[in-house]
Amino acid sequence: MIPVVSILLCLGLPVFGLWRLSRGKMRRPWLVPAGSMLFCGTAMIQELYTVRRRLFAGDVGGIMDTIDAVLAICVVLLVMAVLLNLTFLALSYAMAAGEPPAPERPGPREALP
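This text gives an overview of the structure that appears in the document. Because the structure is predicted, anything quoted here is derived from the model rather than measured.

**Re the packing of aromatic side chains**
In this description, an aromatic ring pair is defined by two values, namely the gap between the centres and the angle between the planes. For the coordinates displayed, the defined rule picks out one aromatic pair. Both rings, one in F16 and one in W19, keep their centres 5.6 Å apart while their planes meet at 35°; by these two values the pair is tilted. With F16 and W19 both in helix α1 (residues 4-23), this residue pair falls three residues apart, about one helical turn. A residue is classified by how much of its surface remains accessible, and W19, at 43% relative accessible area, is partly exposed.

Next comes the structure, spelled out in structure tokens:
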């Protein structure tokens, strides 16, 4: 069984943090990645407990069928969580330093200096 709540919180916290950053500054931006990675680890541990439960039930064939999908889900979840958290941290610290998050290109009507 896929731990849906942990996965949603793992990926949803950085997205919520990015939304909050678009509305203004955050006081403690490091809490968002910490919570996100906590839920990422929780989701992976829940997946391992599912494999453990199947092993104790004697369902070795079921484990052999699904272990590749479990590993793929864990790797994809970890990569997505790390990328979202790094994006969030980069934007939050750039905004805290007073810099714009990304350089803007001049429009067609604006002159270059």
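Having seen the structure, we can now continue with the description.
**Regarding the side chain of N85**
Along the polypeptide, N85 turns up in helix α3 (residues 60-96). A distance of 2.9 Å separates a polar atom in the side chain of N85 from the backbone oxygen of A81. N85 has contacts with P14, V32, P33, S36 and M37, leaving out every residue within four places of it along the chain.

Rules used throughout
Residues numbered from 1 in each chain as written. Predicted model: local features only at pLDDT ≥ 70, side-chain atom pairs only at ≥ 80, totals over all residues. Heavy atoms only, no water. Phe/Tyr/Trp six-rings, centres within 6.5 Å; stacked < 30°, edge-to-face > 60°. Helix = DSSP H or I, 4+ residues; strand = E, 2+ residues; numbered from the N terminus. Buried < 20%, exposed > 50% of the residue type's maximum accessible area, 1.4 Å probe, protein only. Polar contact = N/O pair within 3.5 Å; in protein donor to acceptor, adjacent residues only side chain to side chain. Contact = heavy atoms within 4.5 Å.

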